[in-house]
Amino acid sequence: MEITKKQENGTLEIALSGRLDTTTAPLLEAELNGAYTEITNLVIDLSKLAYISSAGLRILLAAQKQMSKKGKMVIRNVGTNVKEVFDITGFSDILTIEQPL
Amino acid sequence: MSTEKTADRNKDKRKKGFISIGRKVGVSSLICFILLMSLSLWLLSDSMNKVEQKLIENWLDTTIYLLRQELGESEERQWSMHDGALYLGDTLIGDGTKEHANLDAFLRMEYATGALSYVLMRTNNDKELQELDAVGNKSYEQGHYIRIAGTTKGPNGERLEGTYLDKVIADGIEKDDDGVFIHLSNVYGRMIYCRYEMLYEKGDKSRPIGLISNGMSEEELMQLVKDQKKRGYAIFIVFLLVISVGLGRFIFNILRSINKIRDRLCEIGTGEFPKEPLVLNSKDEIGEMAESVNEMVKSLKENQRIVAELSLATDIQRHMLPSEFPAFPEYSSEFDIYAMMNPAKEIGGDFYDFFMLDNKHIALVIADVAGKGVPAALVMMIAKIMIKNQTLLSMQPDDVLTIVNQMFCEDSQSGLFVTVWLGIFNIETGLLTFANAGHNPPAIKLSGEDFSFLRNKPNLVLAGMEGTRYHKNEIIMHPGDRLLLYTDGVTEATNEVTELYGEARLKSYLDIHAADSATELIHGIRTDIDRFTHETEQFDDITMLVFDYKKRLESNAAEQKFKANTEELPQVTEFIESELNKLNCPVHALMQISVAAEEIFVNIAKYAYGETSSGVAISIFPEKEGVSVCFKDRGLPFDPLAQKDPDITLAAESRQIGGLGIFIVKKTMDKVDYKYTNSQNILTITKFF
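Cut-off values and rules
- Residues numbered from 1 in each chain as written.
- Chains lettered and ligands numbered in written order.
- Predicted model: local features only at pLDDT ≥ 70, side-chain atom pairs only at ≥ 80, totals over all residues.
- Heavy atoms only, no water.
- Helix = DSSP H or I, 4+ residues; strand = E, 2+ residues; numbered from the N terminus.
- Buried < 20%, exposed > 50% of the residue type's maximum accessible area, 1.4 Å probe, protein only.
- Contact = heavy atoms within 4.5 Å.
- Areas by Shrake-Rupley, 256 points an atom, 1.4 Å probe, with all protein chains shown as cover.
- pLDDT = per-residue confidence, 0-100.
- 1 Å grid on protein atoms, 1.4 Å probe; cavity = no way out; pocket = protein on both sides within 12 Å on 5 of 7 lines; lining within 4 Å.
- Points joined across faces, edges and corners; volume = space filled by probe spheres on them.
- Nonpolar A, V, L, I, M, F, W, Y, C, P; charged D, E, K, R; others polar.
- Buried area = accessible area lost by both parts, 1.4 Å probe.
- Salt bridge = Lys/Arg side-chain N within 4 Å of Asp/Glu carboxyl O.
- Polar contact = N/O pair within 3.5 Å; in protein donor to acceptor, adjacent residues only side chain to side chain.
- Pairing = 2+ DSSP bridges.
- Axes fitted to C-alpha atoms, helices over the stretch in contact; angles between N-to-C directions.
- Parallel < 35°, antiparallel > 145°, perpendicular 65-115°, else oblique.
- Left-handed = near helix turned anticlockwise from the far one by under 90°.
- Core = buried A, V, L, I, M, F, W, Y, C linked by side-chain atoms within 4.5 Å.

Looking only at helices and strands, chain A features 4 helices and 5 strands. Listing each helix as α and each strand as β along chain A from the N terminus yields β-β-α-β-α-β-α-α-β. Of all 101 residues assigned to chain A, the portion counted as buried reaches 46%. Considering only residue pairs separated by 6 or more positions, chain A has 67% of its internal contacts joining residues 24 or more positions apart. Total accessible area on chain A stands at roughly 4600 Å², and carbon and sulfur atoms take up 48% of it.

On to the confidence of the model for chain B. All names here are of chain B. The predicted model of chain B averages 83 in pLDDT, with 91% of residues at 70 or higher. Mean pLDDT per element in chain B: helix 1 (residues 3-13) is the minimum at 53, and strand 17 (residues 482-486) is the maximum at 96. Reported for the predicted complex are a pTM of 0.46 and an ipTM of 0.89.

It is worth spelling out the side chain of T533 of chain B at this point. Residue and element names in this part refer to chain B. Assignment of secondary structure puts T533 in helix 12 (residues 518-533). Classification of T533 as buried rests on a relative accessible area of 9%. What T533 contacts, discounting residues up to four positions off in sequence, is A493, T494, N495 and E496.

Here we come to empty space enclosed by the protein. With the rule as written, the count across this model stands at 3 cavities of 30 Å³ or more. The computed volume of the largest cavity comes to approximately 70 Å³. If you list the elements that add at least two residues to the lining of the largest cavity, you get strand 3 (41-52) and helix 3 (80-89) of chain A together with helix 14 (587-607) and helix 15 (660-668) of chain B. For the lining of the largest cavity, a count of residues per class yields 8 nonpolar, 4 polar and 1 charged.

Take the side chain of Q390 of chain B next. Mapped onto the elements of the fold, Q390 of chain B is located in helix 8 (residues 373-394). Sequence-distant contacts of Q390 of chain B, defined by excluding residues within four places in its chain, comprise M395, V400, I403, V404 and M407 of chain B.

A few words now on the interface of chain A and chain B. With 24 residues of chain A at the contact, the number on the chain B side is 26 residues. Buried area between chain A and chain B, summed over both chains or domains, comes out near 2000 Å², and the portion from carbon and sulfur atoms is 62%. Interface area lost by chain A to chain B is led by T22, Y51 and I88 of chain A, which between them contribute 25%. In this assembly, chain A and chain B are joined by 1 salt bridge. Here R19 of chain A makes a salt bridge to E577 of chain B, at a shortest N to O gap of 2.9 Å. Inspection of the chain A/chain B interface yields 10 residue pairs in polar contact (both at pLDDT 80 or more). Broken down by secondary-structure element, the contributors of at least two residues to the side of chain A that touches chain B are strand 3, helix 2 (54-70), helix 3 and helix 4 (91-94) of chain A. For the side of chain A that touches chain B, the residue count by class is 10 nonpolar, 9 polar and 5 charged.

In this section: unusual backbone geometry. Glycine aside, residues mostly have negative phi angles, and peptide bonds mostly take the trans form. Residue and element names in this part refer to chain B. With an omega of -5 degrees, the peptide bond running from F325 to P326 counts as cis. By the secondary structure assignment, P326 is in the loop between helix 7 (285-320) and strand 9 (335-342). One non-glycine residue, T498, adopts positive backbone phi at about 55 degrees.

A word on the sheet that holds strand 23 (residues 680-688) of chain B. All names here are of chain B. Reading across the sheet, the 5 strands line up as 19-20-21-23-22 and stay open at both edges, with antiparallel pairing between neighbours. Looking at the sheet topology across the chains shown, the edges are occupied by strand 19 (559-563) and strand 22 (671-677). Neighbouring strand axes in the sheet, compared pairwise and without regard to direction, differ in orientation by 20 degrees on average. Here helix 13 (residues 569-582) sits on the sheet in contact with strand 19, strand 20 (615-623) and strand 21 (626-633), set at roughly 15 degrees to strand 20.

Residues and elements named next belong to chain B. Taken N-terminus to C-terminus, the directions of helix 7 and helix 8 make an angle of 30 degrees; their axes are 11 Å apart at the nearest point. Classified by the interaxial angle, the pair formed by helix 7 and helix 8 is roughly parallel. As for how helix 7 packs across helix 8, the hand of that crossing is left-handed. For the pair helix 7 and helix 8, the contacting residues are L310, A313, I316, Q317 and M320 in the first and V374, A377, M380, M381, K384 and I385 in the second. For the contact of helix 7 with helix 8, the residue count by class is 9 nonpolar, 1 polar and 1 charged.

Applying the stated criterion across every chain yields a total of 27 salt bridges over all chains. Look at the salt bridges and you will find they share partners, linking D61, R68, E73, R195 and E197 of chain B into a network.

Next up on the list: the nonpolar core. Within the largest apolar cluster, 57 residues are counted, with the highest numbers of intra-cluster contacts made by I362, L364, V420, L483 and F547 of chain B. Of all hydrophobic cores here, the second largest spans 39 residues; its members include A25, A55, L61 and I88 of chain A.

This brings us to helix 15 of chain B. Within helix 15 of chain B, 7 of the 9 residues are buried, leaving the element largely enclosed by the surrounding structure. When helix 15 of chain B is considered as a whole, its buried residues turn out to be L660, G661, I662, F663, I664, V665 and T668 of chain B. The inward-facing, buried residues of helix 15 of chain B abut helix 2, helix 3 and helix 4 of chain A together with helix 14, strand 22 and strand 23 of chain B.

Attention shifts here to the sheet that holds strand 4 (residues 72-76) of chain A. All names here are of chain A. Judged by pairing direction, the sheet is mixed, and its 5 strands sit side by side in the order 1-2-3-4-5 without closing on themselves. Each edge of the sheet is formed by a strand with only one pairing partner; in this case those strands are strand 1 (2-8) and strand 5 (97-98). Strands in contact with helix 2 are strand 2 (11-20), strand 3 and strand 4; relative to strand 3, the strand with the most contacts, it is inclined by about 170 degrees.

Packed helix pairs are specified by the crossing angle of their axes together with the interaxial distance, meaning the distance between the axes. Residues and elements named next belong to chain B. Put simply, helix 8 and helix 9 (residues 397-411) touch, their axes get as near as 9 Å, and they point 140 degrees apart. Here helix 8 is positioned oblique relative to helix 9, judged by the angle of their axes. Remark: the crossing between helix 8 and helix 9 carries right-handed chirality. Contact with helix 8, carried on its side by V379, I382, A383, M386, I387, Q390, T391 and S394, involves D399, V400, I403, V404, M407 and F408 of helix 9 and no other residues of that element. Grouping the amino acids of the contact of helix 8 with helix 9 by side-chain chemistry returns 10 nonpolar, 3 polar and 1 charged.

Residues and elements named next belong to chain B. Along strand 18 (residues 542-549), 8 of the 8 residues are buried, which leaves the element largely enclosed by surrounding structure. Because side chains alternate across strand 18, one face comprises the buried residues I542, M544, V546 and D548, and the other comprises T543, L545, F547 and Y549, equally buried. The pairing of strand 9 with strand 18 spans 8 bridges and is classified as antiparallel. Residue D336 lies in a different strand from strand 18, and its bridge partner there is D548. Relative to strand 18, strand 17 is paired through 5 bridges, and the arrangement is antiparallel. The partner of R482 across the bridge, within strand 18, is D548.

Shown next as C-alpha cells:
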C-alpha cells in the first residue's frame, strides 16, 4: 500500500492506493496517530484503494472516532470493492462518504 | 483315440443281453436257409418223381423225332407203301428182306443215342410172316406189322432183324387216336420201354402203313433219368449256393457298413472327431447314412469351433471389464469402487466400466445393450470402446453420448440400442457430472441421508435416433456419499409369482446395509436377488457398480501450508489469487474471496495457537461454477461461525471492531462450513461465480 499525504491549515488529505489489509493497516494507523493532535479535518481518498479488510476498517473506525471529537472526517472516491465491504459492515452509515457525481 | 479302442470301450459299455444284428441275421438266415433247402428239395424230389415218366416219354419222343430227321422225313418226303415195300419219299426203307433193309440211319441213331429203333411195315403177307415165324418164336396174326429195318438187340447183344409185333401192342396202337403208344415190354428177358408212332400213307390218317418205334431198357432209361435228376439237383444246389453266398455277402457288407457307422458314432460320442471322413463304397441308404455322419461330424466340428470361439469371446468380454479390485490402490483413501457382471447367457450385453481421465477425474459407466448373446456382446464391445475413447477425448458426458450416438446411428444396421449412464466424477471437488441415455436411475446416498434415485430426466437410448442431444446434469458428492449404478437385471429380477425385485427392495437393502463395504454391498445385493427370485431362472444380465466417495483428493498444486502468522499474509494472498486466476475466477469474486481468506487466516494466526505458532493448510478446489477454499489448522477447536455477529446499526462511537472479519466472510461467501475432525479445525468457504 502506498500512502500519499498533504497537510495544511489543520487539514490532512491522505490518498491510499493498493491494499489496506492486516499487513498494511499498521502503517496507516501510525501515520494517523502522529497527525491527530495537529488536524481538525481529515480527508481520505480511496480512489486507488483496491482492497480493504477488517483490519483496514478498524483503522477507519478508530479514525472516525478520533475525528468526531474534534472536527470531521471525509472519505472520498470509494471504489466498488471497498464500497461493498462498507455496505456489508454498516460502515457506509457511520462514515461520511463523498462520491463524485 | 483309435477306432479299435473306441469299439472296445463300446463293447464294455454294452448292456447285458446285447445281441448284434449280425448274429440275429446270421441265425435267422441259417434257419431260413435250412427250411428253404428242405422245402425245395422235398418239392424237387416230388416233382422229379412226377416228371420221371414224362422224362422217359420225352426222351423216347425226342429220339424218334431225331430218327425221322435222320431218315430225311419232310413235306416232300413222306411215307408210302407200294409193291410190298415201305418208302420214305423215293428211298426204300425196307420190304421185309434183309437185302433191302436200309439200316444206315438207324445205326447212326443207335450210335448217337444208345436207343434201339426200327420201322415196321403193315403187312398181310402170310409167307413173309411164316418166314419170320421160323426165325422168331412168336405167333402172329394177319393185319399186323413186320419189322423191315432198324436195330434191335437180342439177349446176347446180337442184332435181330425181321421180328414182328405182338398183336396186343399192335391193336393198342391202332386203337390209340394219337397214333402213339408207349409200352413196357419184356424183350428177351429185358424190360424195354418202347414208343411206337403210326406211319400213314402220305400223311393220310385213314391209311396206316407202318410203325416207327424206338426203345430203351428200363435200366438204361432209369440211369438216364437219375443222371438228369442229379443234374437238376446239382443245378439247384449251385443256384442256392450262389444265392446264399450273394445274399450272405450282401448282408455281411451291410452289417460291416453299419458297424463302421456305429463305431464312428461311438467315437463321435466321446467328443473326439475323426480327421478322415467315413468312406463306404455303397451308393444306397447306408452310403447316405455314412454321408450324413460325415456331414454331422462337419457340423459338429463347426459347432465345437463356434463353442470354443464363443467361450473365447466370453473370456475377451470378461477381460474387457475392469475386474481387479481394488482397482486404484493409489486412491484407496479417496474412493472405493467395486463392480460385477453376471451374464444371463454365456455372453452378455451388459457392461460396466470405470477409468481415470486424469489424476482427479474418474469416469463411471454402466450400460445395457438390448438383446442377448453374441450380437449384443459385439455391440457392447463397440459401445464400451467408443464411450471410453470419447470420454478420454472430451471429458464431458453429454458430449460423449451425443458423439457416440451419432457414430452408432451412422454405422449400426443391427437395430440394437444401448442404454448408458455415464458419469465423470471430480475426486477433488466431489462434483459428479453425468448424462443418461435411457438408463435406470442410479441410487445415490448423499450427506448421510438415505438412498434416493437420481431421477434427472434421461435422454433417448444410444443408437436410438440420429442427432439426439444429450444433457448434462451435475451433483456434488461429499466424502461419505455412495453411488450405485445398476442395470435393469437388478430391479427386474422376477420371482416365481412374477413379482419384480424393484427399486423399493433395492433402496431398502441399500439403506439397511449402508455400513457395508462396496464389495460386501454388491455381493449382498446379488445374494438378496437370488433369495428373492428363488429358483426362477435369471433371464437378464445382472450388473452393478458401487462407488464410495471417501475423501476429497488433496491436490498438491492447490494446497499450500503456511505459518500461522500474520506476516505470512502476503504469501497467502498471492497463493490464493494466483490459484483463483488459474480457475478463471471473476475479479470481483476474487477480491471477495481474498478478503475472506485474509480474515480467516488472520483469525487463525491470532487465536488458534495461543503463544505457540504452528501451520495453516490452505487448499483451493473448483466447484460447479465456483470455488472452495479450505483452511485447516491443528490449533484449539474454535468455530468462528458460532460467534455472535456484530451490531452494524450502532453509531461509530459505539461500534466494536471485533467479529467484523468473520462477519464479512459470512456475508460475502455463498457457503461457509466449519468442522472439527481428526484434531483439525476445517473451515471451508465456497463462492459461486
